[in-house]
Amino acid sequence: MAAPESGDGNNGAARMVTLISSDNTRFEVEAAAASLSQTLQLTILDGGGGGGDGIPLPNVDSATLSKVLEYCIKHAPAAANGGAPNATAVDRAELERFDNEFVNIDQSVLYSLIMAAHNLEIEGLQSLVAKKVADMIKGKSPMEIRRTLGFPDPTPEEQAEMNAHMLEYGWAYE
Amino acid sequence: MELLPDDLLADVLGRLPPCDLAASRCVRKRWCGVADLLPLRLDGFFCLSVELDRLAHFFARPSTGRRVGGGLDFVDADEFDRPSILDHCNGLLLLPGLVVNPATRRCAPLPPFPDSRCGDDVEVYARRFLAFDPMASPPHYQVVSVPFVLRIEECMSGEEWPLLSYTAHVFSSRKGSSWEERTFVREGEAFGTCAGMLSDWTTNDRHAVYWRGVLYVHCQDYSVMRITLSNDKYQMIKSPAEKKQGVIAYLGKSEKGVYSALLWEDDGLPRFRVWFLSDSCGGHMDWILKSDISIQAVVQNFPYYSERSSGPWIVNYREDGVNQAWEEDESEWDFHSGVILHETKDKAAISVGSDLVFLGFHPYKEIAFFQLSHSTVVSYHLNTLNVQELGLLNVRPIISKSAA
């Protein structure tokens, strides 16, 4: 027998799944939100994550996971509409406002987020963070980029390399 | 962020416009390596007009037009009144006596040419070509001055063609300050005598492609001179097609390297045939047929000169000339979208080379650009056959000499 068409929420209530962070915190979310992750979607389609089982995520700590889920819950309705072609301008503006605010955070959190988005294959979240980091780089010199991203100051060798690089073909690339 | 793995770093750097990407390359060695692996993109191209002494026109979206110095106004105007483009390679331009990067608005002068026969501006005896590989580490460019006039004594003596060796002048930005005379030794058998070449070895526009350290120069009988700059060897590659009246031939670069294209009228219908060069069999060069298509449907859809276009690309961006709002868009243009056009029964009266002009290939994707009815520019995807209107280019291009 084929599975019923809407696998989740047979009785009107949305199907919930449990995710377990690396530090053993349990998060219960709607399957639709968790399914924004390509990785989790497969497990969930196979019926995993329900009941008392929970899906362990050994690479994601609870602080990051809660942030990731905040994103997923916000974006789940639009994703369910297939990229929301019918969404109103108001809805889109609201999502955009949310996104802008969402990545207005500390760099270390951005880093954890993009790593988690990558691991969990949440395309939209990875793009959002990558775009934010790209925006942080724009309009800056190599040295300013290093400082912005909190790299240690270059060692003398590295500095020499950077200088040589700029000298050799900086004219073509400046 | 220091620990960001390469694929995520690529995702970040891939979102940067060229100038910021350039700065990023200097941040650290690993970044440079990641930046070099990003797929290159096409944001606009130059087109040389027949009128006004081969004036260069830059065709792109307004956001690119604003960013790139496509008007070449940063080039010293006293010295080079109306800069014309002699050659181009991966974003750099070769002007008379100068190498220019329009994206950064920088110029680098070339040293005076040693052979007094060839002035810097008048290219009577030789044509200059630019070889620039942004992927090479460190990137540098070379300018190769390829003489195209055979010496009379060579022709009279019945010397074999291709010549056993060929002398050209090369300037290398890495080696510094002067032109170097280099002799390239022939590889492969001779297939004729110089006397037989003389009639075809004329002084018209020639085009060249630089691909993986090798310069491919289009010769007038449509054969290709393959000059390997690293080992001073050269060979001639025969044309995939016979030279014929009314056929326009083009040599260009695209996804798989060197492409040869022919555009002609076949019983009143425009046909376009494309080959690419394959060197899979141990140094042996073969032309592989890629496409053989009719352009009739495209011609029928754009039969008249137009002053309006659904595409946002414009020619020669001017700060004060754009009166409509445009989006600041730094992502690459989506060349894959478009529609498949179908032919109608009626024959459109067209003239290949006038109403239908092949502008060139996308340098990294198998896409051809055509200008129709002296105005509309479309992209034509050679694999999906999708056609997309880019915008208006109301200039008459020099045929087979467009720059990407």
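Think of each chain on its own: its residues are numbered from 1, step by step along the sequence as written. Labels follow written order: the first chain is A, the first ligand is 1, and so on. Owing to the predicted nature of the model, reporting of local features is limited to residues with pLDDT of at least 70; listing and counting of side-chain atom pairs is limited to 80 or more, with chain, interface and lining totals taken over all residues. Here the side-chain values reflect all heavy atoms present in the structure, with hydrogen atoms and water set aside.

### Details of the pattern of salt bridges
A side chain of one charge can pair with a side chain of the opposite charge when the charged atoms of the two come close.
Here is step 1: Salt bridges are counted wherever a side-chain nitrogen of Lys or Arg sits within 4 Å of a carboxyl oxygen of Asp or Glu. Per the counting criterion, the structure on display carries 16 salt bridges over all chains.
Here is step 2: Among the salt bridges present, the one from R97 of chain A reaches E101 of chain A, with a minimum N-O distance of 3.5 Å. Placement of both R97 of chain A and E101 of chain A in helix α4 (residues 89–102) is noted, with a separation of four residues, approximately one turn of the helix.
Here is step 3: With a 1.4 Å probe rolled over the protein chains alone, any residue whose accessible area is under 20% of its type maximum counts as buried; one over 50% counts as exposed, and the rest are partly exposed. Residue R97 of chain A is classed as partly exposed on the basis of its relative accessible area of 42%.
Here is step 4: A salt bridge links D6 of chain B to R30 of chain B; the shortest N-O distance between them is 2.4 Å. Taken together, the positions of D6 of chain B in helix α1 (residues 6–13) and R30 of chain B in helix α3 (residues 29–37) put the pair 24 residues apart, joining distant regions of the chain.
Here is step 5: A relative accessible area of 41% places D6 of chain B in the partly exposed class.
Here is step 6: Looking at R30 of chain B, the relative accessible area reads 33%, which means it is partly exposed.
Here is step 7: When salt bridges that share partners are traced, they join K74, E94, R97 and E101 of chain A into one network. The numbering of helices and of strands both runs from the N terminus, where a helix is a DSSP run of H or I of at least 4 residues and a strand a run of E of at least 2.

### Remarks on the packing of helix α3 (residues 62–80) of chain A against helix α5 (residues 107–120) of chain A
Residues and elements named next belong to chain A.
Here is step 1: An axis is simply a line fitted to the C-alpha atoms; with a helix, the fit covers only the stretch in contact. Between two such axes, the angle follows the N-to-C directions and lies from 0 to 180 degrees. One way to put it is that α3 packs onto α5 with a least axis distance of 10 Å and a crossing angle of 70°. In terms of axis orientation, α3 runs roughly perpendicular to α5. Judged by residue contacts, T64, K67 and V68 of α3 engage S112, L113, A116 and L120 from α5.
Here is step 2: Residues were grouped as follows: Ala, Val, Leu, Ile, Met, Phe, Trp, Tyr, Cys and Pro as nonpolar; Asp, Glu, Lys and Arg as charged; and all remaining residues, including Gly, as polar. Classifying every residue of the contact of α3 with α5 by side-chain character gives four nonpolar, two polar and one charged. Should an angle fall under 35 degrees it is called roughly parallel, over 145 degrees roughly antiparallel, and 65 to 115 degrees roughly perpendicular, with every other angle called oblique. Contacts are residue-level and defined by heavy atoms, with any inter-residue pair within 4.5 Å sufficient.

### Focus: the interface of chain B and chain A
Here is step 1: Facing 37 residues of chain B, the contacting portion of chain A comprises 33 residues.
Here is step 2: Computed with a 1.4 Å rolling probe, the buried area is the accessible surface lost when two parts are put together, summed over both parts. Three residues, M1, R15 and C26 of chain B, lead the burial of chain B against chain A; their summed loss comes to 21% of the area buried on that side.
Here is step 3: At the surface where chain B touches chain A, the tally comes to one salt bridge.
Here is step 4: E158 of chain A is paired through a salt bridge with R28 of chain B; the nearest N and O atoms lie 3.6 Å apart.
Here is step 5: Contributing elements (two or more residues each) for the side of chain B that touches chain A: α1, α2 (18–25), α3, β5 (98–101) and β6 (106–109) of chain B.
Here is step 6: Of the residues in the side of chain B that touches chain A, the class split is 24 nonpolar, three polar and 10 charged.

### Some thoughts on the confidence of the model for chain B
Residues and elements named next belong to chain B.
Here is step 1: Every residue carries a pLDDT, the predictor's confidence in it, which falls somewhere between 0 and 100. Of the residues in chain B, 81% reach a pLDDT of 70 or more, and the chain-wide mean stands at 80.
Here is step 2: Of all the helices and strands in chain B, helix α6 (residues 152–156) carries the lowest mean pLDDT, 61, while strand β24 (residues 376–381) carries the highest, 94.
Here is step 3: A low-confidence stretch, residues 118–123 (pLDDT under 50), is modelled with 13 contacts involving residues beyond four sequence positions or located in other chains.
Here is step 4: Counting interchain partners and residues more than four positions distant, the pLDDT-below-50 stretch residues 400–404 has 24 contacts.

### Observations regarding the packing of aromatic side chains
Here is step 1: Any pair of Phe, Tyr and Trp rings, taking the six-membered ring for Trp, is counted once the centres come within 6.5 Å. Such a pair is stacked with planes under 30 degrees apart, edge-to-face with planes over 60 apart, and tilted for the rest. Going through the model one piece at a time under the given rule, you end up with 24 aromatic pairs over all chains.
Here is step 2: Ring centres 5.8 Å apart and planes at 45° place the aromatic pair Y71 of chain A and F102 of chain A in the tilted group. One end of the pair, Y71 of chain A, is in helix α3; the other, F102 of chain A, is in helix α4, and 31 residues separate them in sequence. Each member of the pair, Y71 of chain A together with F102 of chain A, is buried.
Here is step 3: When the centroid spacing of 5.7 Å and the interplanar angle of 65° are considered together, the rings of F335 of chain B and F369 of chain B count as edge-to-face.

### As for the environment of D292 of chain B
All names here are of chain B.
Here is step 1: The residue D292 is located in strand β20 (residues 284–294) in this model.
Here is step 2: Expressed as a C-alpha distance, the spacing of D292 and T344, which sit 52 residues apart in the sequence, is 19 Å.
Here is step 3: Here a polar contact means two N or O atoms within 3.5 Å. Within protein one must be a hydrogen donor candidate and the other an acceptor candidate, and residues neighboring in sequence count only if both atoms are side-chain atoms. A distance of 3.1 Å separates polar atoms of two side chains, one belonging to D292 and the other to R271.
Here is step 4: Side-chain polar atoms of D292 contact the side chain of R273, separated by 3.3 Å.

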